[in-house]
Amino acid sequence: MTDAPVLQLTGVTQQYGEGATSVSALSGVDLTVQRGELVAIMGASGSGKSTLLSIAGGLQKPTTGEVIVEGTYLSTASARQLAQLRRRSLGFVFQDFNLIPTLTALENVTLPLELDGFRARVARRAGRDALASVGLEDKLAAYPDDLSGGQQQRVAIARAVVGGRRLILADEPTGALDSVTGEAVMKMIRSRVDQGAAGILVTHEARHAAWADRIVFLRDGRIVDQSRRDGAETLLAGTP
Ligand SMILES: Nc1ncnc2c1ncn2[C@@H]1O[C@H](COP(=O)(O)OP(=O)(O)OP(=O)(O)O)[C@@H](O)[C@H]1O
Ligand SMILES: [Mg+2]
């Protein structure tokens, strides 16, 4: 069981709308992500990257195909199982941080645990650990508005990994950050994955994709190329 992939997509198709106006956002996507593996997804705007992430995280059901997260088949999981999986196993990181402005950094991070029924004290301890792991132990009581963009994104990463979440799904997490801060955020995602999580990173930036073990290229909803790290480096050579 320990060798089971964290995430497996098989034959995933997503169709939006019907008839002449329908859009085929994903077609026949197969993707497996193992523990300790960070996969970057690249592709033009509209190629299906966010759709893939949202399906991988069980936020939306694919039109056809199967999504298996740590052995759970999402198509047959109950609403309760899905909600539990999202709260316990999955962590999302978005471009615009998505922090709740009226909550402190610590409260933002502990919220998912408290929703999951953890005792406040246990949640706070886990929250402090998660924030310490992204170097923000001295910002527990700060509100998002009082933090820099990079610090806010580090809070979002702490929230995505708190309580030992094992699949990090990041949609352009560095998109709103300057390059130095973006690099620091990438380093943090990389280190969480090295500690035993799995991650998918959507990015437009070759230098951020270079942190991944593998790069998957999407075009019009299809995987057109998958490069292992060595291959990817050759492929990306020459890009700034
Ligand atoms: N809810 C929706 N209803 C209808 N069409 C949608 C919906 N969401 C996405 N699409 C379409 O599906 C395709 C893939 O969209 P998606 O958001 O996954 O692309 P993306 O690769 O993330 O693009 P970007 O780089 O701009 O974020 C696009 O053609 C988009 O217009
Ligand atoms: Mg997108």
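Notes on the structure in this doc start here. All of these numbers come straight from a predicted model, not from anything done at the bench.

Attention now moves to the sheet that holds strand β5 (residues 72–73). The strand order across the open sheet built from four strands is β2-β1-β4-β5, with neighbouring strands paired in antiparallel fashion. Two strands lie at the open edges of the sheet, namely β2 (23–33) and β5, each paired on one side alone. In terms of strand pairing, strand β4 (residues 64–69) meets β5 through two bridges, oriented antiparallel. Bridge pairing links I68 to Y73 in β5.

Turning our attention to the site of ligand 1. If you check the shell around ligand 1, you find Y16, G17, V23, A25, G43, S45, G46, S47, G48, K49, S50 and T51 and nothing else. When contributions to the shell around ligand 1 are tallied by element, the ones reaching two or more residues are β2 and α1 (49–56). Among the residues forming the shell around ligand 1, the class breakdown is three nonpolar, eight polar and one charged.

Judged from the six bridges that link them, strand β9 (residues 214–219) and strand β10 (residues 222–228) form a sheet pairing that is antiparallel. From the neighbouring strand, V216 faces β10, where its bridge partner is Q226. Adjacent in sequence and paired antiparallel, β9 and β10 are bridged by two residues, among which D220 carries a positive phi angle near 45°.

Moving on: the sheet that holds strand β7 (residues 167–171). With respect to topology, six strands assemble into an open sheet ordered β6-β7-β8-β3-β9-β10, the strand pairing being mixed. Lying at the two open borders of the sheet, with one neighbouring strand each, are β6 (90–94) and β10. Direction aside, the axes of adjacent strands within the sheet are offset by 15° on average. Of the pairings in the sheet, the one linking strand β3 (residues 38–43) to strand β8 (residues 198–202) comprises four bridges and is parallel in character. Within the sheet, the bridge partner assigned to I41 lies in β8 and is V202. Across the sheet, α1 is in contact with β3, β7, β8 and β9; its angle to β8 comes to roughly 155°.

Sheet analysis places strand β1 (residues 7–16) next to β2, joined by seven bridges and oriented antiparallel. Each bridged residue has a counterpart across the sheet, and for Q14 the counterpart in β2 is L26. Once β1 ends, the chain turns through six residues before running back antiparallel as β2, passing G17 with a positive phi of about 75°. Where β1 meets β4, five bridges bridge the pair, whose relative direction is antiparallel. By the bridge assignment for β4, T13 is matched with T64.

Let's shift gears to the nonpolar core. Membership of the largest hydrophobic core comes to 63 residues, with the highest contact counts inside it found for I41 and A158. At six residues, helix α5 (residues 149–161) tops the list of elements feeding residues into this core.

About the cut-offs
- Residue numbers here run from 1 along each chain, matching the order of that chain's written sequence.
- Both sets of labels track the order of writing: A upward for chains, 1 upward for ligands.
- Per-residue local features of the predicted model are confined to residues with pLDDT of at least 70, and side-chain atom pairs are confined, for both listing and counting, to 80 or more; whole-chain, interface and lining totals are unaffected and use all residues.
- Each pair of strands is called paired provided DSSP finds at least two bridges between the two strands.
- Secondary structure follows DSSP: runs of H or I at least 4 residues long count as helices, runs of E at least 2 residues long count as strands, and numbering of each begins at the N terminus.
- We call a residue near a molecule or strand when its C-beta atom, built from the backbone, sits within 6 Å of it.
- Asp, Glu, Lys and Arg are counted as charged, while Ala, Val, Leu, Ile, Met, Phe, Trp, Tyr, Cys and Pro are counted as nonpolar; the rest, among them Gly, fall into the polar class.
- Only the contacting stretch of a helix is used when fitting its axis, a line to C-alpha atoms as for every element, and angles between N-to-C directions run 0 to 180 degrees.
- Distance between backbone-placed C-beta atoms decides contact: two residues are in contact if it is within 7 Å.
- Connectivity within a nonpolar core runs through C-beta atoms within 7 Å, and the core itself is a set of buried Ala, Val, Leu, Ile, Met, Phe, Trp, Tyr and Cys residues.
- A residue is called partly exposed when the number of other C-beta atoms within 10 Å of its own lies between 12 and 20, exposed at 12 or fewer, and buried at 20 or more, with C-beta atoms placed from the backbone.

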